[in-house]
Each structure stands twice: as C-alpha cells, then as structure tokens.
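# Structure assessment
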Amino acid sequence: MKPYNSKSVLQVKMSSAMDLYEQLTAQGQAVRELKAQKANKAEVECAVQLLLRMKQDYKRVTGQDYEAGRPPTHTDADAAPAEDEEEEEDAVDPWNVSTSSAKGVDYDKLIVRFGSCKIEQELVDRIARVTGKTPHHFLRRGIFFSHRDMHQILDAVESRKSFYLYTGRGPSSEAMHVGHMIPFLFTKWLQDVFDVPLVVQMTDDEKYLWKDLSLEECHRYTLENARDIIACGFHPDKTFLFSDLDYMGASPAFYRNVVKVQKHVTFNQVKGIFGFTDSDCIGKISFPAIQAAPSFSSSFPQIFGDRSDVQCLIPCAIDQDPYFRMTRDVAPRIGYLKPALLHSTFFPALQGAQTKMSASDANSSIFLTDTAKQIKNKVNKHAFSGGKDTVEEHRKLGGNPDVDVSFMYLTFFLEDDEQLEKIRQDYRSGALLTGELKKRLIETLQPMIAAHQERRKLVTDETVRHFMTPRKLHFNC
C-alpha cells in the first residue's frame, strides 16, 4: 500500500480521490487482520484512528461517505473549507524539510500522512512504569511525538526479552550542530534506562552519493563525527559505531541482508517512496537497502551470534521514516521482525522553523565547535523572534513563544519543566523581553556545549577504534 498522503483538498484531482479510496480499502483490511490476529490493543486502536482520519479526509475530498465496494464517482470541491485554498503541504523527505508556517511542520498531519501513531500520554506513562524512570523531557514535551510498535517493544521488555537500538548519522562535515545531537541524546537515555546494546550506522557512502565530496572526505568526516557521538556518553561495551564504507566489505552477513532487501524492493517502489528519477545514479536507487539492513539483528553476528529474533528500536527524526516504512514492508517477506520506531520533531534553523538546521550554513546553526562568544553572537543576531517591534508594544501585547526560535531551543535543552512554563507565560504576557529570552538561551547553551567539548577532548583515536571494532557487546538478551 502507498503511504497515506493528506493533501490540500482543492489540489486533489479525481486520481487522488481514487488513491484515497484504495488506501482506505487497504487500511480497513489491515484493521480487520489486526483484530483477527488479536494484535496489541494499542496497535489496533492506532490503526482504527488512522482509518477514521482517512475517512474524514475522503469525505472532504469527495463530498461522499466512504463505502466499501463503491469507488468515488466525482469530487466535490464545495466540501472543502475556504481557508484550504491557500494551504500548502509541508515538504518532508530524508533530504529536504520545509513548511510555510512559522510554527514549523504540522506534525499531526504528518502522522496521518505517514500512517504512524501519535505518542499519547498513556504510552509515556507506560514507559515510566516499565523502566521505573521519569520519562525523558523529549517524551514529556512531545519532541519525540510519533511511533511504530513501541507497545510491542514494551511487551517484550515485560516478558524479559531484550531488544537493541539502531540510529545513525550522515557525516557531511567535520562539525556537527546541536540539532544533530537530538536523536543521540535521546538514544543515550534509552540505552541507560533499558540497558540494551546500540548500533550506530555512519552513512559515509550515502554522503558520497548525494554530495560533492570525495570518498576520503566522507570517511574522514565519519571519524570526526564519531568523536562527537561517543562524547554523548554511550556505554563503550554496549555500543558499536560503524562506517558503511568499512563494514559493508568486512561483514558478509550484513551484505547478505542488503541483497535480500534489494531483491524484494522494485525500482518503481523506491521511485514512489523516495522520489528518485531516471537521472539519479544507481547508487541512490540501491542505498535504501543499506540503511534497512541494520534493522535486523542477523546483520551483526559479532554481537548477536546467529540470532535473527532480536527486535530493533530506531529513534530518528521523522524525515527518515520512508526508509523504515520500506524496511517494515520487506521484513516479514524475508523472515525478519519489523523494526519499531520513535520519531522526533525537527530542530529548527536559527532563522525560523520553516526549515531544519543545515550543516552547510554556519549562521543557521549552533555548532558543537562554537565558542561561547560565537554562540552569543549567533543567537543575538540570527535567532528569529516572536516578540513585538518595540518594548512598549511587547510589554502591552506580549510575544509569541510558538514561533520564537529561542523559546523553541529552550524546549529542547532546558530540562526543568516549571522553569520552561514560567518562561512561556512571561514571554506571552510581555513580562519577559526578547533580549532577555535570548539571554536565557545563551546561558543554557554555552555551558552545555563547553561540557561537550571537554568530553570530546577525552575521546582518543584508541577510543574511536574500540567503538568501531566489530565485537561481542555486553547485555542481557
């Protein structure tokens, strides 16, 4: 089934109405199969909620209620609310993210479009019960907002079965920025509270295929980025980082899984999922299978021996989901477990939430190599403000924290919920000025990045070699 795509109503033509109809029919069948298999209650409820949202969109598009066995005969533009005429769909794929909204991407719509499940409070509470730990503030604040099969992971933990974590990094420059750290900070917490192994894929091959970089540059960036990742504090005996350029040639088991995935995905499928064209090099066409392979425990015989039954949990930004929708579709056909996922929101550029940070634009990002002075200058000069034009107007009307980048960054990095809420209320009321809000952010970022830089200095070449050596990891599985 194609990924569900919720579009602006007046942009949808009859062919799209038929797509909706076909997707609805397939989703209805999926719900029936889940119920027949007596699947996890939360998984069934998620599938049902998606079905209901799809039916609502179908009625808006066609003016008709969905009926099984009765395809749409026309579309009724009058069914669309007038304000939808100017609506533009957010652009989200593994390489580009953009939106016309100053608030950023509409993640509720993205959940519907991608067919994932929203992380509700019930799931956050269950994670707290299972781990016995306070949920990470990324969970409490909806920064990780969507999932696939997380309840299944928790079921396994409660049954004393282990799982492993998999995340990655595409090394396109020597220095990483703070946005790159979001999945690693959260993955570190997951590793700690669940006491599980982690594999980190460094996709230097991908960057060579997509960027104007040499193979040597891509591999050098891998080693430099590995230092920043290790400096996050991952357990050295429970973590394996690997370069695709190195590991693919050294692990027959990994390459065998790549080939299995390649055989079960057609050219038309990858074109549909990733938007590849006939002019894209064949390396791009085949790359998704390489990103899929770490989702299967049999790709790492040094860690798991001959076991292929250890489930994988992937914390990642939502733009990486297309890779793993493909992976989850292929997995049962090659005899493997589907990976589960936890999706994060995007870390905005300093200039605003319409795009995510870019490593190629120094002024859009706070880099992990920035000095305290550079951090201060970047925030003061470039951070998009939700405040008013004058102090008097701001005191009277207040600012908008929903579009203010300094407040957005504090949402990621200020751990105290009460402090954050007070800042929100003070800014909205006008009691806190934009300059004062920026000062709070600067005071939060400077010590955090300075501490990371000190930890990074302790990462030696020998440390990197240890983390990147295929080996048995210590964990209960």
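Note that this is a predicted model, so its numbers are computed, not measured. (Residues numbered from 1 in each chain as written. Predicted model: local features only at pLDDT ≥ 70, side-chain atom pairs only at ≥ 80, totals over all residues. Heavy atoms only, no water.)

## Topic: the packing of aromatic side chains
How two aromatic rings sit relative to each other is given by the distance of their centres and the angle of their planes. Inspection of every chain in the model, using the stated rule, returns 30 aromatic pairs. Between the aromatic rings of Phe186 and Trp189, the centroid separation amounts to 5.8 Å while the plane-to-plane angle is 20 degrees, which identifies the pairing as stacked. Of this pair, Phe186 and Trp189 both sit in helix H7 (residues 181-194), 3 residues apart, which is roughly one turn of that helix. The exposure class assigned to Phe186 is buried, which follows from its relative accessible area of 0%. Residue classification places Trp189 among the buried residues on the basis of a relative accessible area of 13%. Measuring from centroid to centroid gives 5.3 Å for Tyr247 and Phe254, while their planes differ by 75 degrees, and the two rings are edge-to-face. Each member of the pair, Tyr247 together with Phe254, is buried. (Phe/Tyr/Trp six-rings, centres within 6.5 Å; stacked < 30°, edge-to-face > 60°. Helix = DSSP H or I, 4+ residues; strand = E, 2+ residues; numbered from the N terminus. Buried < 20%, exposed > 50% of the residue type's maximum accessible area, 1.4 Å probe, protein only.)

## Concerning the pairing of strand S6 (residues 198-202)
Most of S6 is tucked away, with 5 of its 5 residues classed as buried. Burial of S6 is two-sided: the residues Leu198, Val200 and Met202 facing one way and the residues Val199 and Gln201 facing the other way are all buried. When strand S5 (residues 163-169) meets S6, the two strands line up parallel, connected through 5 bridges. In the sheet register, Leu165 faces S6, and the bridge partner there is Leu198. Between the parallel elements S5 and S6, the chain passes through H7 in a crossover that is right-handed. Sheet topology note: the S6/strand S7 (residues 239-243) ladder contains 5 bridges and is parallel. Among the inter-strand pairings, Leu198 is bridged to a residue of S7, identified as Thr239. (Pairing = 2+ DSSP bridges. Right-handed = clockwise from strand over helix to strand, strands pointing away.)

## Some thoughts on the pattern of salt bridges
On inspection of all chains with the given rule, the structure shows 25 salt bridges. Among the salt bridges present, the one from Lys378 reaches Asp370, with a minimum N-O distance of 2.9 Å. Taken individually, Lys378 and Asp370 each receive the classification buried, so the pair is uniform in this respect. One salt-bridge network, in which partners are shared between bridges, spans Arg126, Asp155 and Glu158. (Salt bridge = Lys/Arg side-chain N within 4 Å of Asp/Glu carboxyl O.)

## Some words on the nonpolar core
Ranked by internal contacts, the top residues of the largest apolar core, which has 64 residues, are Phe144, Met150, Leu313 and Ile366. Sort the elements by how many residues they give to this core and H7 lands first, with 8 residues. Residues in contact with Leu313, not counting those within four places in the same chain, are Met150, Ile153, Phe163, Tyr164, Leu165, Tyr166, Leu190, Ala340, Leu341 and Leu342. Formed by 37 residues, the second largest nonpolar core is a distinct cluster that contains Val199, Ile285, Ile334 and Leu473. (Core = buried A, V, L, I, M, F, W, Y, C linked by side-chain atoms within 4.5 Å. Contact = heavy atoms within 4.5 Å.)

## Focus on the environment of Leu215
Of note, Leu215 is situated in helix H9 (residues 215-230). Residues Leu215 and Asp204, 11 residues apart in the sequence, show an inter-C-alpha distance of 7.8 Å. Look past the residues within four positions of Leu215 in its chain and what remains in contact with it is Tyr208 and Leu245.

## With respect to the pairing of strand S4 (residues 144-148)
On any regular strand, side chains alternate: one points to one face of the sheet, the next to the other face. The buried fraction of S4 is high, at 5 of 5 residues. Bridging between strand S3 (residues 117-118) and S4 involves 2 bridges; their strand directions are antiparallel. What sits directly across from Lys118, in S4, is Ser146. With 4 bridges joining them, S4 and strand S9 (residues 340-344) adopt antiparallel strand pairing. Bridging across to S9, Ser146 finds its partner in His343.

## Here's the deal with a negative patch on the surface
Taken together, Glu45, Glu120, Glu122 and Asp125 make up a surface patch of like negative charges. The residue Glu120 is located in the loop between S3 and helix H4 (121-131) in this model. We classify Glu120 as partly exposed; its relative accessible area is 47%. (Patch = residues over 30% accessible without salt bridge, like charges linked within 9 Å, V, L, I, M, F, W, Y side chains within 5 Å. Areas by Shrake-Rupley, 256 points an atom, 1.4 Å probe, with all protein chains shown as cover. Lys, Arg positive; Asp, Glu negative; His and termini not counted. Charge placed at Lys NZ, Arg CZ, Asp CG, Glu CD.)

## Section: the side chain of Arg148
With respect to the helices and strands, the residue Arg148 is situated in strand S4. Polar contacts involving the side chain of Arg148 include one to the side chain of Asp321, which spans 2.7 Å. Setting aside chain neighbours within four positions, we find Arg148 in contact with Phe114, Gly115, Ser116, Asp321, Arg325, Arg328, Ala340, Leu341 and His343. (Polar contact = N/O pair within 3.5 Å; in protein donor to acceptor, adjacent residues only side chain to side chain.)

## Section: the confidence of the model for the protein
Confidence in the prediction of the protein, expressed as mean pLDDT, is 89, and 92% of residues score 70 or more. Low pLDDT (under 50) marks residues 1-14, which in the prediction has 44 contacts with non-local residues, meaning those over four places away or in another chain. Below a pLDDT of 50 lies the segment residues 77-86, which in the model reaches 11 contacts outside its immediate sequence neighbourhood of four places, other chains included. (pLDDT = per-residue confidence, 0-100.)

## Some thoughts on unusual backbone geometry
Even without being a glycine, Arg160 presents a positive backbone phi close to 65 degrees. With respect to the helices and strands, the residue Arg160 is situated in the loop between helix H6 (150-158) and S5. Of note in this structure, Asp195 is not a glycine but carries a positive phi near 55 degrees. Its location among the elements puts Asp195 in the loop between H7 and S6. A residue is classified by how much of its surface remains accessible, and Asp195, at 33% relative accessible area, is partly exposed.

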